[in-house]
Structures are given as structure tokens and as C-alpha cells.
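Here are the chains, one letter per residue:
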Amino acid sequence: MQVFNNARIACPGAETGPTPPSEPMAIATEDARIAWIGKVSDLPGRFASAPRSDLGGRLVTPGLIDCHTHVVFGGDRAREFEMRLEGASYEDIARAGGGILSSVRDTRAASEEALLDQALPRVDALLAEGVTTLEIKSGYGLEVETELKMLRVARRIARVRPVSVRTTWLAAHALPPEYAADRAAYLREVVIAGMDRAHAEGLVDAVDGFCEGIAFSPEEMDLVFGHAAGLGLPVKLHAEQLSDGGGAVLAARHGAISADHLEYLGDNGVAAMAASGTVAVLLPGAFYTLRETKLPPVAALRRAGVPIALATDCNPGTSPLTSLLLAMNMGATLFRITPSECLAGVTVNAARALGLDDRGAIRPGLRADLAVWDIARPAELSYRIGFNPLHARIVGGELV
């Protein structure tokens, strides 16, 4: 049991903004949940002897949620970045051993300890900006044992850092060279068989795939999602990043909790997502890194009432981004998402994109995951570039 006094509460998406300084609020927590919210003078007697922390009139939001990351991987691809700027083509980089397969090679070669040691600085950067829930995907193993190794590391992160972790099985990320002649065997022997093992070992919370011409077709993902449904696992999808290939429609048909990227999303995909309640997760870090010019259809998503989330997409190749605050700024500046929508995109809508209904807002009964900021208005979180105004995180009711 804990009481946090003198808080100005900012509710994501609310037009009224935070409670004014003249109306300090108290937030009482119990058993990792928000138990009561109200004026300090109205605090129920059962909290009278609880420890108290004065937040000094600071702005309090829900803890931030990064709902799409690939934060566990081996090595880096800085040399590729350098080569591209020196004029090398994608084919040149591939011939030199670069691209996603270089990350696969480094991830396969790394031990669990090495992967954990490499991931923690990236995780720490996110936590330092108010993140309290983090999604982590597999997808750089492309063989069963390495995919499982990645998810074991993801589970370990939640044990060594004060953060909730949701894990996602992404073996359908790319086709490794050893299966180049037999795609069906890869789906059967790695994607599906590995999913069964991950589920049996309690390592997986959701199933994802990359539905694109350079990856897997809607028909192939249909098989993967059908198997996930048999295991009771929710699904999400990398869709419409490079072309409108029908991935979002497929995802919506399977009741996906999210479809991610979506630069090339068409009207039929928007309508399907609206009907299914699938969240649109936009990833401005990848848009920026790839120097994309095709904007996701934000206005159409907004009109259709599709919830919009934002995430870092932290990965070694196309979005080496470990700042969710910068992702918010990019979402506002590049995609013209309003600051209020940006805050909702990394709180309540990000929670929905992970299938979580116990966080992302500030109200009794929800997890007491909060971020305390040295700012006057919530819009500052999207407005500033390269500036971190975090004062403290509250995770499960504990000040950290």
C-alpha cells in the first residue's frame, strides 16, 4: 500500500488536459493496482497509515508501453548503414554478408548471456524514458533453438529489470538460406513446430509474421495464424510496409490484436481493421531510417475509428531506435498525429495492441504503472527532441 500525493493526472486522449496545480490529486495503490484516486483531503481512512510520496505537483501519465520491438538480437549493422551512405546497393550489402541474415548469423552464434548483456542497455534506455511495459519479438534465429533462446532472454529481462515484458513468436520473419528450396518445410519444421515448443515452455504471448513479397504471403500466414488459434495465442502482423499485399485484411479476418507498419494500407484494409478492432501500430523509426515517402493513411484510420499506437520497432537494421519519446515526436512531425493521439498511442492504444486491458490508463483497478514528468503539458512529450523530462517511474505501485 502506497499513497502518491500532489499529482497532476493526464489522461491519454482527454481534451481537458492535466488536472491543474490548484487541484492536487492523490493516487493510492495496493497490491500493484491503483486502489483510489481523488483529492488529498478526501483520502479514505484505510490509507491513513500508508507510506506517502509527494510528487511535487508533477504531471503523471500512465507508464509508457513500447508495443513493437526486436530488442533482443546479436551484433549490429552499423557497417551496413555506413555502406549505404557510401553508395552501396542492397545487393552489394547482401553479397558482403549484410542484411537480416547478418543479424541471424550473430544471433545464432551468441549465448543467452551474451544476448542478455547486449539487450539490457537498449532496454535501460527505454525504461529511462518512462516505459513500464515492453513487447519483445523473436525473429533473428530462423531456427527453432535460436528463436526459443531469444524468447528465454526476453523472459529474463522481466526478471532483472522492473518492467513487464510481453513476448511474440516471429519465426515467420524471413526465409533462411537452408530452406530456400522448400518454403513449406520451413513453415512446418520451424515456424509451426517451434511455436508448439514455445507455447509448451510458456515462452510466448502472441504470434507475429512479416507478410510481404520479400517474406511470407497471406496464404502462408493464414496457415500460421490458424495454428496459433488452435493454441489460443493472439496474432499480430507486419503488414503493408512495402506494398498493399492484403496482410491487414488477413490479420483482421483472424481477429489480430494489431497490424503494424501500414504505409501502403488501402481502404479495404482500413475497413477490415475497423470492423475487427485491430489496432494500427505505426513505426516512424523505420519510416525515417528507410527514407520512406509513402505515409500511412492516418486520416483514413482516424475517420474509421481505428485505434492508432506508436512504437520504436527497435531492431538492428531498419529502426535502431531506443527512444519512445523520439518515436512520439516522429509520429507527430512525420505522420501528423496530434500530441494527444501520440500519448494515447504509447499508453492506452499500445496496451490494446498487446491485448492488455489492465494498463494504459489511470483509474482504479488498473495496474499502478505510472510515469512522473517534469513538464507543464502532455504535449511536451511529443514536442521536444532529444530531451528526457522523466522524473520517476512507478511500476506496480513501487517508485523506481
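Residues numbered from 1 in each chain as written. Predicted model: local features only at pLDDT ≥ 70, side-chain atom pairs only at ≥ 80, totals over all residues. Heavy atoms only, no water.

In this section: the sheet that holds strand S12 (residues 308-310). Pairing between the strands of a sheet comes from backbone hydrogen bonds, and it takes one of two forms, parallel or antiparallel. Strand order in the open sheet formed by eight strands is S5-S6-S7-S8-S9-S10-S11-S12, with parallel pairing between adjacent strands. The outermost strands of the open sheet, each flanked by one partner alone, are strand S5 (64-66) and S12. Put simply, the sheet's adjacent strands are angled 25° from each other on average, direction ignored. Two strands pair when backbone bridges link them, and strand S7 (residues 164-172) and strand S8 (residues 206-211) are joined in this way by three bridges, in the parallel orientation. The partner of Trp169 across the bridge, within S8, is Val207. Across the face of the sheet, helix H5 (residues 144-160) comes into contact with strand S6 (131-137) and S7 while running at roughly 170° to S7. (Pairing = 2+ DSSP bridges. Helix = DSSP H or I, 4+ residues; strand = E, 2+ residues; numbered from the N terminus. Axes fitted to C-alpha atoms, helices over the stretch in contact; angles between N-to-C directions. Contact = heavy atoms within 4.5 Å.)

Attention now moves to the UniProt feature "binding site: Zn(2+)" (unreviewed entry) in the chain. UniProt tags His68, His70, His238 and Asp313 as "binding site: Zn(2+)" (unreviewed entry). The largest pairwise C-alpha distance within this set of annotated residues, which runs over 246 residues, is 12.4 Å, so the set is compact in three dimensions. Checked against the element boundaries, His238 lands in strand S9 (residues 236-239). Since its relative accessible area comes to 4%, His238 is described here as buried. (UniProt positions renumbered as here; feature names shortened; annotations may be inferred. Buried < 20%, exposed > 50% of the residue type's maximum accessible area, 1.4 Å probe, protein only.)

At Ala32, a position not held by glycine, the phi torsion is positive, near 70°. Along the chain, the position of Ala32 falls in the loop between strand S2 (25-30) and strand S3 (33-39). The class of Ala32 is partly exposed, set by a relative accessible area of 27%. Backbone geometry places Glu240, a non-glycine residue, at a positive phi of 55°. Note on placement: Glu240 falls in the loop between S9 and helix H8 (247-253). Judged by its relative accessible area of 1%, Glu240 falls in the buried class.

Once that is clear, we can look at the side chain of Asp66. Considering the arrangement of structural elements, one finds Asp66 in strand S5. Salt bridges are absent for the buried Asp66, whose nearest opposite-charge side chain, Lys137, sits at 9.2 Å. Other than its neighbours up to four places away in sequence, Asp66 contacts Leu126, Val131, Thr133, Leu134, Glu135, Ala311, Thr312 and Leu324. (Lys, Arg positive; Asp, Glu negative; His and termini not counted. Salt bridge = Lys/Arg side-chain N within 4 Å of Asp/Glu carboxyl O.)

Moving on to the pairing of S9. The alternating pattern of S9 places Lys236 and His238 on one face and Leu237 and Ala239 on the opposite face, and all of these are buried. Once you follow S8 into helix H7 (residues 218-230) and on to S9, the crossover reads as right-handed. Where S9 meets strand S10 (residues 258-261), four bridges bridge the pair, whose relative direction is parallel. Each bridged residue has a counterpart across the sheet, and for Leu237 the counterpart in S10 is Ala259. (Right-handed = clockwise from strand over helix to strand, strands pointing away.)

Let us now look at the pattern of salt bridges. Scanning the model with the defined rule gives 25 salt bridges in all. Put simply, Arg33 and Asp358 hold a salt bridge, and the shortest N to O gap is 4.0 Å. Of this pair, Arg33 sits in strand S3 while Asp358 sits in the loop between helix H14 (348-353) and strand S13 (370-373), and the two are 325 residues apart along the sequence. Between Arg155 and Asp205 there is a salt bridge, with the nearest N and O atoms lying 3.0 Å from each other. A residue pair is termed long-range when its members are at least 10 positions apart, and Arg155 in helix H5 and Asp205 in the loop between helix H6 (183-200) and S8 qualify at 50 residues.

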